[in-house]
Amino acid sequence: MKTFGLLFLLGALAVPFVLPGEFYLAIATQILVYGLFAVSVNLIAGYCGMVSLGHAAFLGIAGYAFALLTVNSGWPVPAAILAALLLTGIVGALFGLVALRTSGLSFLMITLALGQIVWGVAFRYVELTNGENGISLPRIEGYFGHGTGLYYLCLAVTAGCLFLVATLARSPLGTAMQGVRDQSRRMSTLGYDVWAIRFAAYVLSAVLAGVAGILYVLVFRFISPHSLSLTVSSEAVLMVIAGGLGTTFGPVLGAALVVLLKNVASAYTDRWPTLLGLIFLFIIIVVPEGLLPGARRLTGLLRARLVARREMGARLTNAAARIEEARP
């Protein structure tokens, strides 16, 4: 995992130097933003077994809070970021108190309902959010305001969050989260507070989604109720499933797949959602565990077959040599 992470970081650092233009650099920046959002969904879906269809609410809450504080109130950017993340964490805690009273399909539906409530507030509270017209932000001056600098800013934040999630997965809390995912009753019998573990994971996931929301506003310089919609939440779930549930880099790979299809394939055909559906069908049939774990499994099978062929070839060669030696 450390080797893969190092290769990922080195490859990501080289991206601005190998891409042909600003358009593709902007797509790479979007992949990092959506990848971080997918990582936040994976924190509860992959490590705790709780699939949420309302996670875009946290992305939108942080994005709107940051936009309103910087544009309307004139707050400094660092203070606005801290306030937006604090608000997102508080809302995540309140939503967790409601949503975690349920589990399974009921949890899925209640997160959907909570997300739609936040979307409705953003859409209808025109005096605050400007309704469906959204809020536009001026470009932030400086190296990190656009282009390569903005890409490296998103890369640094995403890489830092990935490192935190990977560290959390190996910590006692992360191990407990995975235990709750696999055997919640057994974990409860062993004395673990299952509800508290799920609550902590939910709040941390909400804060991570809030970080992605702030990056979203910095990249697009615009936020509207669409950012909180069911479409955005469901796309994040698809990214996680495509890349691999419970993996560190799988959500980023899934985000790359979806963003590339939306921005590149859509330039050549209006039927890109059909292509996306066919790709997901292929993933479910061939690598149901996700692209990253599936690639590892297929690579392992290929290596095993190559080793078996080499051993078989060596045995045949030895047998032929023995036959030659035995001849008079």
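The shown structure was predicted, so the numbers you read here are calculated from the model rather than taken from an experiment.

1. Some details on the overall build of the protein chain
Move 1: Looking only at helices and strands, the protein chain has 14 helices and two strands in total.
Move 2: Along the longest, intermediate and shortest principal axes, the C-alpha atoms of the protein chain span 100 × 55 × 35 Å.
Move 3: Out of the 328 residues belonging to the protein chain, those deemed buried represent 46%.
Move 4: If you sum the accessible surface of the protein chain, you get close to 17,200 Å²; carbon and sulfur atoms cover 66% of it.
Move 5: When the 21 positive and 12 negative side-chain charges of the protein chain are each reduced to one mean point, those points stand 9 Å apart.

2. Some thoughts on the packing of helix α4 (residues 77-99) against helix α10 (residues 194-220)
Move 1: For the pair α4 and α10, interaxial distance at closest approach is 8 Å and the crossing angle is 145 degrees. Here α4 and α10 pass one another in a crossing that is right-handed. Across the interface between the two elements, I81, A84, L85, T88, G89, G92, A93, F95, G96 and L97 of α4 pack against W195, F199, Y202, V203, A206, V207, G210, V211 and I214 of α10.
Move 2: The residue inventory of the contact of α4 with α10, partitioned by class, reads 14 nonpolar, five polar and no charged.

3. Some remarks on the nonpolar core
Move 1: Counting 100 residues, the largest nonpolar core has F37, F66, Y151 and M177 as its most contacted members.
Move 2: Filtering out sequence-adjacent residues up to four positions away, M177 remains in contact with L43, Y47, C48, L168, I197 and A201.

4. Concerning the packing of aromatic side chains
Move 1: Under the definition given, this model contains ten aromatic pairs.
Move 2: Taking the centre distance of 5.2 Å and the plane angle of 80 degrees together, the rings of F23 and Y24 count as edge-to-face.
Move 3: Take Y24: its relative accessible area is 35%, and that puts it in the partly exposed class.
Move 4: Between F58 and F95, the aromatic rings sit 5.8 Å apart at their centres with planes inclined by 50 degrees, giving tilted as the arrangement. Remark: F95 occurs in helix α4 and F58 occurs in helix α3 (residues 56-72); sequence separation between them is 37 residues. The exposure classification of F58 matches that of F95, with both residues buried.
Move 5: By way of ring pairs, the aromatic residues F58, F95, F107 and Y202 are connected into one cluster.

5. Here's the deal with the side chain of S171
Move 1: Position of S171 relative to the elements: it lies in the loop between α7 (147-170) and α8 (172-182).
Move 2: Here the side chain of S171 touches L168 through a polar contact of 2.5 Å, landing on its backbone oxygen.

6. Here we look at the pattern of salt bridges
Move 1: What the rule picks out here adds up to three salt bridges.
Move 2: With its nearest N and O atoms 2.5 Å apart, the salt bridge here joins E289 to R297.
Move 3: E289 gets classed as partly exposed once you look at its relative accessible area, which sits at 28%.

7. Comments concerning α4
Move 1: Between its first and last C-alpha, α4 extends 32 Å over 23 residues, near the 33 Å set by a 1.5 Å rise per residue.
Move 2: Every buried residue of α4 is accounted for by A80, A84, L85, T88, G89, V91, G92, F95, G96 and A99.

8. Regarding the environment of T111
Move 1: Looking at the element boundaries, T111 is found in helix α5 (residues 105-124).
Move 2: Overall, T111 belongs to the buried group, its relative accessible area being 2%.
Move 3: The spatial distance from the C-alpha of T111 to the C-alpha of V39 is 17 Å, given a sequence separation of 72 residues.
Move 4: Beyond its immediate stretch of four places on either side in the chain, T111 contacts V51, S52, L53, G54, A99 and Y202.

9. Describing the packing of helix α2 (residues 22-45) against helix α11 (residues 230-243)
Move 1: Interhelical geometry of α2 versus α11 gives an angle of 80 degrees and a closest axis separation of 9 Å. When the axes of α2 and α11 are compared, the pair comes out roughly perpendicular. Counted together, Y34, F37, A38, V41 and N42 of α2 and V232, A236, V237, M239 and V240 of α11 form the full contact between these two elements.
Move 2: Grouping the constituent residues of the contact of α2 with α11 by class yields nine nonpolar, one polar and no charged.

Parameters and conventions
Residues numbered from 1 in each chain as written. Predicted model: local features only at pLDDT ≥ 70, side-chain atom pairs only at ≥ 80, totals over all residues. Heavy atoms only, no water. Helix = DSSP H or I, 4+ residues; strand = E, 2+ residues; numbered from the N terminus. Buried < 20%, exposed > 50% of the residue type's maximum accessible area, 1.4 Å probe, protein only. Areas by Shrake-Rupley, 256 points an atom, 1.4 Å probe, with all protein chains shown as cover. Lys, Arg positive; Asp, Glu negative; His and termini not counted. Charge placed at Lys NZ, Arg CZ, Asp CG, Glu CD. Axes fitted to C-alpha atoms, helices over the stretch in contact; angles between N-to-C directions. Left-handed = near helix turned anticlockwise from the far one by under 90°. Contact = heavy atoms within 4.5 Å. Nonpolar A, V, L, I, M, F, W, Y, C, P; charged D, E, K, R; others polar. Core = buried A, V, L, I, M, F, W, Y, C linked by side-chain atoms within 4.5 Å. Phe/Tyr/Trp six-rings, centres within 6.5 Å; stacked < 30°, edge-to-face > 60°. Polar contact = N/O pair within 3.5 Å; in protein donor to acceptor, adjacent residues only side chain to side chain. Salt bridge = Lys/Arg side-chain N within 4 Å of Asp/Glu carboxyl O. Expected span 1.5 Å × (residues − 1). Parallel < 35°, antiparallel > 145°, perpendicular 65-115°, else oblique.

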